[in-house]
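Summary of the model geometry
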There are 2 protein chains.
Amino acid sequence: QCRKCGYQPIPLWLPANPSAGSVATSQSQCGYQPIPAQEARAEETHRQGSAVAVLFTLLLTTTILTTWLFKHRRCRLLHETGLAMIYGLLVGVVLRFGVHVQPDVIDAPLSCVSNSSPPALLLNISGRLYEYTLRGEVSDTQGQDAPNAEILRKVTFDPEVFFNVLLPPIIFHAGYSLKRRHFFRNLGSILSYAFVGTVISSFVIGVVMYGCVALMSALGHLGGDFFFTDCLFFGAIISATDPVTVLAIFNELRVDVDLYALLFGESALNDAVAIVLSSSIVAYQPVSSSSHSFDGGAMLWSLGVFLGVLSGSFALGTAAGFITALVTKLTRLRDFPLLETSLFFLMSWSTFLFAEACSITGVVAVLFCGITQAHYTHSNLSAESKKRTRELFELLNFLAESFIFSYMGLTLFSFQHHVFNPVFISGAFLAMFLGRAANIYPLSFLLNLGRSNRISSNFQHVMMFAGLRGAMAFALSIRDTSTYARQMMFSTTLLIVFFTVWVFGGGTTPVLSYMNIRYTHIYTITQMHLNLVDEVVSRSYSQDSAWPIRLWYTFDHNYLKPLLTHSGPPLIKTLPACCSPLARCLTSSQDYQVKNTHLYPARRCLVSEILALEL
Amino acid sequence: QCRKCGYQPIPLWLPANPSAGSVATSQSQCGYQPIPAQEARAEETHRQGSAVAVLFTLLLTTTILTTWLFKHRRCRLLHETGLAMIYGLLVGVVLRFGVHVQPDVIDAPLSCVSNSSPPALLLNISGRLYEYTLRGEVSDTQGQDAPNAEILRKVTFDPEVFFNVLLPPIIFHAGYSLKRRHFFRNLGSILSYAFVGTVISSFVIGVVMYGCVALMSALGHLGGDFFFTDCLFFGAIISATDPVTVLAIFNELRVDVDLYALLFGESALNDAVAIVLSSSIVAYQPVSSSSHSFDGGAMLWSLGVFLGVLSGSFALGTAAGFITALVTKLTRLRDFPLLETSLFFLMSWSTFLFAEACSITGVVAVLFCGITQAHYTHSNLSAESKKRTRELFELLNFLAESFIFSYMGLTLFSFQHHVFNPVFISGAFLAMFLGRAANIYPLSFLLNLGRSNRISSNFQHVMMFAGLRGAMAFALSIRDTSTYARQMMFSTTLLIVFFTVWVFGGGTTPVLSYMNIRYTHIYTITQMHLNLVDEVVSRSYSQDSAWPIRLWYTFDHNYLKPLLTHSGPPLIKTLPACCSPLARCLTSSQDYQVKNTHLYPARRCLVSEILALEL
């Protein structure tokens, strides 16, 4: 019995370990510590946390310096994300095999919290109630699977950090930096690849993996449960191609703008599809958790979740963009770029938070918010803020991206529950290629039936080849590693990311040269070129596009742009007469000035907008 | 006995509360929950966290919009920090009295974790070990002191967030945006006010408060222990004047540059002194915790801690600045502004982390790092990065500052252990004025004996008046609110911050006009003015300054600047002959180019540097 709190703790508390350090030995048997020792422990935890953060900062600094060296020497063999992974790998190896630290009882290694462990508990000690939260399961010190489990645990982040801190700036940046003109021109094809293609790819991968798992089960290679829903889940997470590397490689090489728009638009949007698809599959699972057999109701429910979350996120992100556009249009905030940039940042970030608070997917909402902000708000900002916001999100994106990729490298050695199964891995690689092929080739064939500007077979091969997997696949697979199936998926995903980033990422330049696609395309537009561009643009919008795109463009140009920005024809002209009080109210004084004094002919106005889109 | 884990929990676990919601009732008696319920709870926590974050984002957005409106209408009555506090107050009132939510058992309100509660514990359940960490003490639902304790707890942050997330960018920005020329010219006076003055002020406040506490004790107004060390601690936290408001008000008004340098330099550096002084007093306390009487050994130890932490932080911050300067000098990183800005950001941030990992004060290290970065690294950066880094830290500073001030307003109503004691509050206001007077007037008198450019009595009155308390006083006082004494200090500090920001902050403009100090001072320097400036500058450095400043200037100009930047005379000329291999090695190719082709006469070189400092 404890002499301080009068509480009988023996069956519960771990006996004090005589080999532990000074902090640990100052603990009484019931865990009650005199004040300085307890404060010292909190301080020690903070100190170690800071040391880990220093480690990551230095890792990023080294990556930056090496990236500079590579750029300086014009070496394009390895992209900076590949570099970050290599450094992460090295640090992982050092931490795992190079450092030896005596584990102590207090900082005993914790394994991933599985769902079946006890949750928070309440203790009643001498009349006062204390709430405790579960930190994790302490693995057996004898049965440790890694020599430095304690250090490895310290460099391991909560997977939710990826979703709540690192992915939002990356995804927002992807949306905000879309080349809008080419994006909207290829909208139909991009949506087909991203939505239909990703779903096809997920199912193809799921089916191939189910065959692979069945084979493994027959051969006795399977060490745990692996259901068909797990296979589909794996298909969903591995179908998301990465916008980061595509953006970086193709931006530097200046390839054909349509190919770039197709690849980048697809990879930005299919992240959204992959997130929502995988969470719908998870939502499907618990309902049929007892049987894991096909269940029509659950399937429908899952489909409902998929459509609901996707449209909800779309609506929220777009709404946030609209509000920001209206605020920046109707106030003269542009006189103070600092306030303007802060407002822009806060509104974009609150989109993420608001979506999370509504239990829909923040990352997806942020993507649509980024596209809307780029399309409307951006043109309302002052020149100073345009630059500032771009630079800010570029920096955040760069830091988050470098961090994720170096963390990926680290994880290969620091994660302690890897399940590397050669059959599963080979199957996954095969499934990945088949899934990508089933996405690109049939869809391109169908799309070419309707496109005037056909997607050539060379383009299709490049799209097939440039399907790099990156941050999103990693974040989705690390989110839950509690079961055997999930651990095997995580390890395999990690290998696929490594392979695609190193091999495909490094090989893109030679492939593009071989395919004769690479060429430099720099616009130098002067007033003299306007007529020519005018012609091209009108043709491309009025004839080339399918009717939904034309309809959207007309609506955007006549109503949304005048409402949300200072460009386009005045609302008073486009809205029916009955709405003219509303139209007058929503037209800012600046609009009046611009539009009354300088009424463009409709066509010229269109061209100037298109040129603005180009930025 | 629990049917799932076979463990007998009755004396430990709280019996399930029949009035709780669906999440709570799905819990079995041992706290073991079926998977969906537990996942739902984690999701609910995340959802609520996001909702709180949305609340704060909207609070900041409203502040930004109102700030714009005030600036737009040229209303200087209330500074943006004052505005942020008002909005915070309003939200606090609404949360406390406007919203009514049924508390449930799981989310029962937690009080501050006192130091005597049991720490982490380990549970052995069916052969598996689980580690739990203490979340806090659950206060009695019947004895709640606020109607909405649960919501109020949710909007309450861990005090360490202020030290680890919000203060570093603010303090770094203060160091990075120092007007270096005037700062270095007034270095002696600034150091006197910041170091000697703050210590004097702390002691005066401590003594006055001790008298006040003795009076309260005699009158029976004291509800708990209050020792002399507590009084000194209060003196230390309340002596730190705030650079934020000073910077904002004086920057807009363009007052006399020397007055500005004195005020801003003092308020930036005395933050460092206040942090280190208060932590030294805390370090002094536990040694004599039994008696709280004077202890010579502990006093010396405390002094040692003060000097050690201060010099350690100075050394670390400066070293980080030097390393960044060398890296940016010796590489051609400037060709890639994104990489350069990222490196700058990471190096500055790692200073903070490294200091924390070494158990010295990160915030103080970051201040000196900021000054060093501004003095050396900044001149190595590309024009693009100079702009980017300034804008980035300006944005971070603005967001952190707005957040802290609106949080302060919120805290007045959301903090649940306020101790408002009229006698103590009156005493604190009196002590604050006395302490500030004992800092400014005697030191100014002594400094004027040595200064050729005397600090006029008008300046002294303004310095007395502009001693606003802000973020640092708040952060130091909220750090520990576990005892009666600390709670009373926190409540009083909050009132002092409100009073000084609203009354002094709003009154600065009239006071400056009344004192006839306000004037616009804009430099427009052309090549033609160089000779004149040359004359003034050389005089000010070679004759006006005291010898330690002149010595420092010569050393900086001859050795540090050539070593760390591309400016100043080449190292080969200034270093003795024996060091010439080293000097050659540390001179970059760019140095050679610049210095061989274009050797300025020493004086001209000096002037161009001074002009660079002006930026």
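Residues numbered from 1 in each chain as written. Chains lettered and ligands numbered in written order. Predicted model: local features only at pLDDT ≥ 70, side-chain atom pairs only at ≥ 80, totals over all residues. Heavy atoms only, no water.

- The name given to chain A in an unreviewed UniProt entry is Sodium/hydrogen exchanger, with Pygocentrus nattereri as the source organism.
- The annotation that UniProt attaches to chain A under Sequence similarities (unreviewed entry) is "Belongs to the monovalent cation:proton antiporter 1 (CPA1) transporter (TC 2.A.36) family." (UniProt positions renumbered as here; feature names shortened; annotations may be inferred.)

**Description of the overall build of chain A**
- Check the secondary structure of chain A and you find 24 helices and 3 strands.
- The buried share of chain A, taken over its 615 residues, is 58%.
- In chain A, the proportion of contacts linking residues at least 24 apart, taken out of those at least 6 apart, comes to 81%.
- Split by element, the accessible area of chain A, about 25100 Å² in all, is 65% carbon and sulfur. (Helix = DSSP H or I, 4+ residues; strand = E, 2+ residues; numbered from the N terminus. Buried < 20%, exposed > 50% of the residue type's maximum accessible area, 1.4 Å probe, protein only. Contact = heavy atoms within 4.5 Å. Areas by Shrake-Rupley, 256 points an atom, 1.4 Å probe, with all protein chains shown as cover.)

**Overview of the packing of helix H15 (residues 422–450) of chain B against helix H18 (residues 484–514) of chain B**
Residue and element names in this part refer to chain B.
- Contact pair H15 / H18: the axes reach a minimum separation of 10 Å and the direction vectors enclose 55°. One element, H15, and the other, H18, form an angle in the oblique class. Judged by the sense of rotation from one axis to the other, the crossing of H15 with H18 is right-handed. Residue-level contacts link Phe424, Ile425, Ala428, Phe429, Met432 and Phe433 of H15 to Met488, Met489, Thr492, Leu495, Ile496, Phe499, Thr500 and Phe504 of H18.
- Residues of the contact of H15 with H18, tallied by class, amount to 12 nonpolar, 2 polar and no charged. (Axes fitted to C-alpha atoms, helices over the stretch in contact; angles between N-to-C directions. Parallel < 35°, antiparallel > 145°, perpendicular 65-115°, else oblique. Left-handed = near helix turned anticlockwise from the far one by under 90°. Nonpolar A, V, L, I, M, F, W, Y, C, P; charged D, E, K, R; others polar.)

**Some details on the nonpolar core**
- Counting residues in each nonpolar core, the largest one holds 276 residues, and the members touching the most others are A:Phe250 and B:Phe250.
- The contacts of A:Phe250, once residues within four sequence positions are left out, are A:Val255, A:Leu259, A:Tyr260, A:Leu263, A:Val462, A:Ala466, A:Thr508 and A:Leu512. (Core = buried A, V, L, I, M, F, W, Y, C linked by side-chain atoms within 4.5 Å.)

**Focus: the confidence of the model for chain A**
Residue and element names in this part refer to chain A.
- Overall, the prediction assigns chain A a mean pLDDT of 76, with 73% of residues at 70 or greater.
- The model gives residues 103–119 a pLDDT under 50, and that stretch makes 63 contacts with residues more than four places away or in other chains.
- Across residues 139–145, where pLDDT falls below 50, the model places 8 contacts with residues more than four positions away in sequence or in other chains.
- For this predicted complex, the interface score ipTM comes out at 0.79, alongside a pTM of 0.80. (pLDDT = per-residue confidence, 0-100.)

**Quick notes on the side chain of A:Ser382**
- By the secondary structure assignment, A:Ser382 is in the loop between helix H13 (362–380) and helix H14 (383–414).
- Those residues in contact with A:Ser382 that lie beyond four places of it in its chain are A:Arg334, A:Pro337 and A:Glu340.

**Looking at helix H13 (residues 362–380) of chain B**
- Maximal helix bending in H13(B) amounts to about 45°, located at B:Ala374.
- Extensive coverage of H13(B) is indicated by the burial of 18 of its 19 residues. (Bend = angle between axes of the 7 residues up to and from the residue.)

**Remarks on the environment of A:Thr377**
Residue and element names in this part refer to chain A.
- When you line up the elements, Thr377 lands in helix H13.
- C-alpha separation for the pair Thr377 and Arg74, spaced 303 residues apart in sequence, amounts to 36 Å.
- Once you skip the residues sitting within four places of it in the chain, Thr377 turns out to touch Gly321, Thr324, Ala325, Thr328, Phe344 and Thr372.

**Brief notes about the packing of aromatic side chains**
Residue and element names in this part refer to chain A.
- Within the structure shown, the criterion is met by 56 aromatic pairs over all chains.
- Judged by centre distance (6.0 Å) and plane angle (45°), the ring pair of Phe474 and Phe490 falls under tilted. Of this pair, Phe474 sits in helix H17 (residues 471–478) while Phe490 is found in helix H18 (residues 484–514), placing the two residues 16 residues apart along the sequence.
- With relative accessibility at 0%, the residue Phe490 sits in the buried group. (Phe/Tyr/Trp six-rings, centres within 6.5 Å; stacked < 30°, edge-to-face > 60°.)

**Topic: a nonpolar patch on the surface**
Residues and elements named next belong to chain A.
- On the surface, Val207, Tyr210 and Phe228 cluster together to form a nonpolar patch covering roughly 270 Å² of accessible area.
- Secondary-structure assignment places Tyr210 in helix H7 (residues 187–219).
- For Tyr210, a relative accessible area of 40% gives the class partly exposed. (Patch = residues over 30% accessible without salt bridge, like charges linked within 9 Å, V, L, I, M, F, W, Y side chains within 5 Å. Salt bridge = Lys/Arg side-chain N within 4 Å of Asp/Glu carboxyl O.)

**So, the packing of helix H11 (residues 296–330) of chain B against helix H12 (residues 337–357) of chain B**
Residues and elements named next belong to chain B.
- Orientation of H11 relative to H12, taken along the N-to-C sense of each, is 155°, at an axis distance of 10 Å. The angle between H11 and H12 places the two elements in the roughly antiparallel class. Here H11 and H12 pass one another in a crossing that is right-handed. Taking contact as the criterion, the partners of Leu316, Gly317, Ala320, Ile323, Thr324, Val327 and Thr328 in H11 are, on H12, Leu343, Phe344, Met347, Thr351, Phe354 and Ala355.
- In the contact of H11 with H12, the residues fall into 9 nonpolar, 4 polar and no charged.

**Remarks on the pattern of salt bridges**
- For the coordinates displayed, the defined rule picks out 20 salt bridges over all chains.
- Its salt-bridge partner being A:Glu160, residue A:Arg479 comes within 3.2 Å of it at the nearest N-O pair. With A:Arg479 in the loop between H17 and H18 and A:Glu160 in helix H5 (residues 160–176), the pair connects residues that are 319 residues apart, well separated along the chain.
- Among the residues examined, A:Glu160 registers a relative accessible area of 26% and is labelled partly exposed.
- B:Asp480 serves as the salt-bridge partner of B:Arg486, at 3.2 Å between the closest nitrogen and oxygen.
- In this structure B:Arg486 comes out as buried when scored by relative accessible area, which is 8%.
- Since its relative accessible area comes to 27%, B:Asp480 is described here as partly exposed.
- Counted as one network, the salt bridges with shared partners bring together A:Glu384, A:Arg388, B:Lys387, B:Glu391 and B:Glu394.

**Details of the environment of A:Phe398**
- Inspection of the secondary structure assignment puts A:Phe398 in helix H14.
- Judged by relative accessible area, which is 4%, A:Phe398 ranks as buried.
- Every residue in contact with A:Phe398, bar those within four places of it in the chain, is listed here: A:Ile64, A:Glu80, B:Leu338, B:Leu339 and B:Ser342.

**What about the environment of B:Thr156?**
All names here are of chain B.
- Mapping Thr156 onto the fold places it in the loop between helix H4 (149–154) and helix H5 (160–176).
- By relative accessible area, which is 39% here, Thr156 ends up partly exposed.
- Sequence spacing of Thr156 and Thr411 is 255 residues, and the spatial spacing of their C-alpha atoms is 8.0 Å.
- With near-sequence residues (within four places) excluded, Thr156 lies in contact with Tyr407 and Ser414.

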